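Residues per chain, in single letters:
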Amino acid sequence: MAATVVIDDTTLRDGEQSAGVAFTRAEKCEIARILAEIGVPELEIGIPAMGAEEAGDIRAMAATLADAGHDTRLIVWGRLTGKDIDACRSLPVHMLELSVPVSDQQIRHKLGADRDEVLARIARWVPVAREAGFDIGVGGEDASRADPAFLTEVVQAAEAAGARRFRFADTLGVLDPFATFEAISALRAACTLELEMHAHDDLGLATANTLAAVRAGATHVNTTVNGLGERAGNAALEEVALGLRQFHGVGELIDFRRLLDASQAVARASGRPVGWHKSVVGEGVFTHEAGIHVDGLLKDPANYQGIDPALLGRSHRLLLGKHSGGRGVVTAYAALGIALSDAETACLLARIRDFASQAKRTPDSADLLAFHAELRASSTRPADLLPGLHARLEADGLPLAGA
């Protein structure tokens, strides 16, 4: 594993390539500012060959960060061609990421060339880009489907030509963590370049593959906020950063408390809402309803806490619903200033479970107060209902006690 790992976030390039997503200049500047504020050290911020409007966006983002005193390293993406390099000249960025296909499939059927041509392009254009004053990363498009022996030739050619970095792109998201580890380990043994993992999430393995690449010696990782990106998206910034901390002990890479700010900003700008179950930043991550879990959490948070929500500037949230238990009901009503007897707890628990099943939502504070008022107004004493309620709850497989 590398001594240090650097996050190169590509929300503003690959993230925006997600179908139907288009950021305004103001949105790009806001996202860049937030990412810089939370400590992301490198940002890939656009494709200069797209034209003057894109170049203007790149300059605006660079100016926004410079005016705020951030020293974030800025990177732009292009193809390994003279035309794309020319489009980058005079831009206020530090590095060019120049991409070329490296799998036989794409070399032949996309580039219309052969392996020798790929090596010749690296030898020709990397020095030209270096002479323009930029650090250079060579991006191996479709590297995960490339012949390993040829990939070794590619990274060695890139190093000989003066490149600083090689990006291993799992362009179609076809690797698993084991294959990723093997591929990056082989490249680490073959060169001294910085190695960057660029993972896609077509099989839901982008974060796992990224973490495996780090264990194998990758020095840099690509991420996007919320996993935004082509098709199924990229490795999510929030997952990768937290995974590096949890599993690899890579310190405080960023301000984790601000991840939610970044997530919400990108969700607004992209028009792609964050899923309720989305790891790290989803609404449901620290939300609990099941009675057994709530009871355990209230006894000791470590019972059901793999990640301390305080690290992310969040807290646990307890909801009532079909799977709630008595302790959750007592806690919820205590927060409303109401102390319940055992009999009242049992009656209200049954009422809450019925409500959740019929309304398809958790009751809010007004609902809970209404249920309590109904119970108090009832001509039947709660204690008289208790035996029947116990029998009903047990028949439903939903115990009152403990949960």
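Our structure is the block above this text.
In every chain, residue numbers begin from 1 and rise along the written sequence. A pLDDT threshold of at least 70 governs which residues receive local features in this predicted model, and a stricter bar of 80 or more applies before side-chain atom pairs are shown or counted, although totals over entire chains, interfaces and linings include all residues. Hydrogens and water molecules were not included; the side-chain quantities draw on all heavy atoms of the structure.

Caption draft 1: Quick look at the packing of helix 9 (residues 206-216) against helix 10 (residues 237-248). Fitted lines through C-alpha atoms serve as axes, helices being fitted only where they are in contact, and the angles separating the N-to-C directions of these axes extend from 0 to 180 degrees. For the purposes of this entry, the term helix denotes a DSSP run of H or I that reaches at least four residues, the term strand denotes a run of E that reaches at least two, and both are numbered from the N terminus. Put simply, helix 9 and helix 10 touch, their axes get as near as 10 Å, and they point 45 degrees apart. In terms of their interaxial angle, helix 9 and helix 10 are classed as oblique. Helix 9 and helix 10 meet at a crossing whose hand is right-handed. Every residue of helix 10 that contacts helix 9 at Thr207, Thr210, Leu211, Val214 and Arg215 is listed here: Glu239, Val240, Gly243, Leu244, Phe247 and His248. Residue type decides the class: Asp, Glu, Lys and Arg count as charged, Ala, Val, Leu, Ile, Met, Phe, Trp, Tyr, Cys and Pro as nonpolar, and the leftover types, Gly among them, as polar. Of the residues in the contact of helix 9 with helix 10, the class split is 5 nonpolar, 4 polar and 2 charged. Any angle that falls under 35 degrees is termed roughly parallel, while one over 145 is termed roughly antiparallel, one within 65 to 115 roughly perpendicular, and all others oblique. It is the rotation of the near helix from the far one that decides the hand of a crossing: anticlockwise by less than a right angle makes it left-handed, clockwise makes it right-handed. Throughout, a residue-residue contact means that at least one pair of heavy atoms, one from each residue, lies within 4.5 Å.

Caption draft 2: Molecular detail of unusual backbone geometry. Backbone geometry at Asp142 places phi at a positive 60 degrees, although glycine is not the residue there. Its place among the elements puts Asp142 in the loop between strand 5 (135-141) and helix 7 (148-161). Non-glycine residue Val280 carries a positive phi angle of around 70 degrees. In this structure, Val280 sits in the loop between helix 11 (259-270) and strand 9 (287-288).

Caption draft 3: Main features of the packing of helix 12 (residues 291-299) against helix 13 (residues 326-335). Running from amino to carboxyl end, helix 12 crosses helix 13 at an angle of 60 degrees, the nearest separation of the two axes being 8 Å. The orientation of helix 12 relative to helix 13 falls into the category oblique. Along the contact surface, helix 12 presents Val294, Asp295, Leu298 and Lys299, while helix 13 presents Arg327, Gly328 and Thr331. Partitioning the contact of helix 12 with helix 13 into residue classes produces 2 nonpolar, 2 polar and 3 charged.

Caption draft 4: Here's a closer look at the layout of surface pockets. Cavity and pocket criteria rest on a 1 Å grid covering protein atoms alone: a 1.4 Å probe that fits but cannot get out defines a cavity, protein on both sides within 12 Å along at least 5 of 7 lines defines an open pocket, and an atom within 4 Å of a point defines a lining residue. Grid points are joined across faces, edges and corners, and a volume is the space filled by probe spheres set on the points. As a volume, the largest pocket reaches approximately 410 Å³. In this structure, the largest pocket is lined by 23 residues; those nearest its centre are Trp77, Ser99, Lys110, Glu141 and Thr171. Those elements that provide at least two residues to the lining of the largest pocket are helix 1 (11-15), strand 3 (73-79), strand 4 (95-101), strand 5 and strand 6 (165-170). Looking at the lining of the largest pocket element by element, the count peaks at 4 residues for strand 4. Among the residues forming the lining of the largest pocket, the class breakdown is 6 nonpolar, 7 polar and 10 charged.

Caption draft 5: Summary view of the pattern of salt bridges. The term salt bridge refers to a side-chain nitrogen of Lys or Arg lying within 4 Å of a carboxyl oxygen of Asp or Glu. Applying the stated criterion across every chain, the model contains 41 salt bridges. Of the charged contacts in the structure, one is a salt bridge between Arg25 and Glu53, with a shortest N-O distance of 3.5 Å. Here Arg25, found in helix 2 (residues 25-37), pairs with Glu53, found in helix 3 (residues 52-67); they are 28 residues apart in sequence, far enough to count as distant. Exposure is judged per residue with a 1.4 Å probe applied to protein chains only, and the accessible area is read against the type maximum: over 50% gives exposed, under 20% gives buried, and values in between give partly exposed. With a relative accessible area of 56%, Glu53 lands in the exposed category.

Caption draft 6: Broad picture of the nonpolar core. Grouping buried Ala, Val, Leu, Ile, Met, Phe, Trp, Tyr and Cys residues that are joined through side-chain atoms within 4.5 Å yields what is termed a nonpolar core. Residues Leu35, Ile45, Val93, Leu96, Phe166 and Phe168 are the most contacted members of the largest nonpolar core, which totals 90 residues. Sequence-distant contacts of Leu96, defined by excluding residues within four places in its chain, comprise Val76, Cys88, Ala129, Phe134, Asp135, Ile136 and Gly137. Membership of the second largest hydrophobic core comes to 14 residues, among which are Leu320, Tyr333, Leu368 and Leu375.

Caption draft 7: Inspection of empty space enclosed by the protein at higher detail. For the structure shown, the criterion picks out 1 cavity of 30 Å³ or more. Empty space within the largest cavity amounts to approximately 30 Å³. In terms of lining residues, the largest cavity is bounded by Phe256, Leu259, Leu260, Val280, Val281, Leu312 and Arg314.

Caption draft 8: Region of the structure containing helix 8 (residues 177-190). Expected span, for any helix, means 1.5 Å times one less than how many residues it has. The terminal C-alpha atoms of helix 8, which comprises 14 residues, lie 20 Å apart, in line with the 20 Å expected from a rise of 1.5 Å per residue. For helix 8, the full list of buried residues reads Thr180, Ile184, Leu187 and Ala190. Down the axis of helix 8, the buried side of the element spans an arc of 120 degrees, and every buried residue falls inside it. Facing away from the buried side of helix 8 by over 90 degrees, the exposed positions are Phe178, Glu182 and Ala189. Directions drawn from the helix axis to the C-beta atoms are what define this arc.

Caption draft 9: View of the sheet that holds strand 3. If you trace the 8 strands once around the closed barrel, you get 1-2-3-4-5-6-7-8, paired in parallel fashion. Recorded for the sheet is a direction-independent mean angle of 25 degrees between the axes of neighbouring strands. Strand pairing is assigned whenever DSSP identifies at least 2 bridges connecting the two strands. Both strand 1 (residues 6-9) and strand 8 (residues 220-223) contribute to a ladder of 4 bridges, which runs parallel. When the bridges of strand 8 are listed, Val6 appears paired with His220. Of the strands in this sheet, strand 4 and strand 5 touch helix 6 (residues 115-131), which is tilted by about 155 degrees from strand 5. Contacts from helix 8 reach strand 6 and strand 7 (194-199) within the one sheet, and its direction differs from that of strand 7 by about 160 degrees.

Caption draft 10: Summary view of helix 14 (residues 342-359). Its 18 residues give helix 14 an end-to-end C-alpha distance of 25 Å, which sits within 8% of 26 Å, the value for a rise of 1.5 Å per residue. Listed as buried for helix 14 are Ala343, Glu344, Thr345, Ala346, Cys347, Leu348, Leu349, Ala350, Ile352, Arg353, Phe355 and Ala356. After helix 14 finishes, the residue Lys360 shows a positive phi value of roughly 60 degrees.

Caption draft 11: Summary view of the environment of Ile352. Secondary-structure assignment places Ile352 in helix 14. Taking the C-alpha atoms as reference, Ile352 lies 17 Å from Arg317; in sequence the two are 35 residues apart. The residues touching Ile352, leaving out its near neighbours within four places in the chain, are Leu320, Gly321, Val329, Tyr333, Pro363, Leu368 and Phe371.

Caption draft 12: View of the side chain of Asn226. Of note, Asn226 is situated in the loop between strand 8 and helix 10. A polar atom in the side chain of Asn226 sits 2.7 Å from the side chain of Ser263. Once you skip the residues sitting within four places of it in the chain, Asn226 turns out to touch Ala236, Glu238, Ser263, Val266, Ala267, Val274, Lys278 and Val281. Whenever two N or O atoms come within 3.5 Å, that pair is a polar contact, provided that in protein one can donate a hydrogen and the other can accept it, and provided that, for residues adjacent in sequence, both atoms are side-chain atoms.

Purely geometric numbers; function is a separate question.
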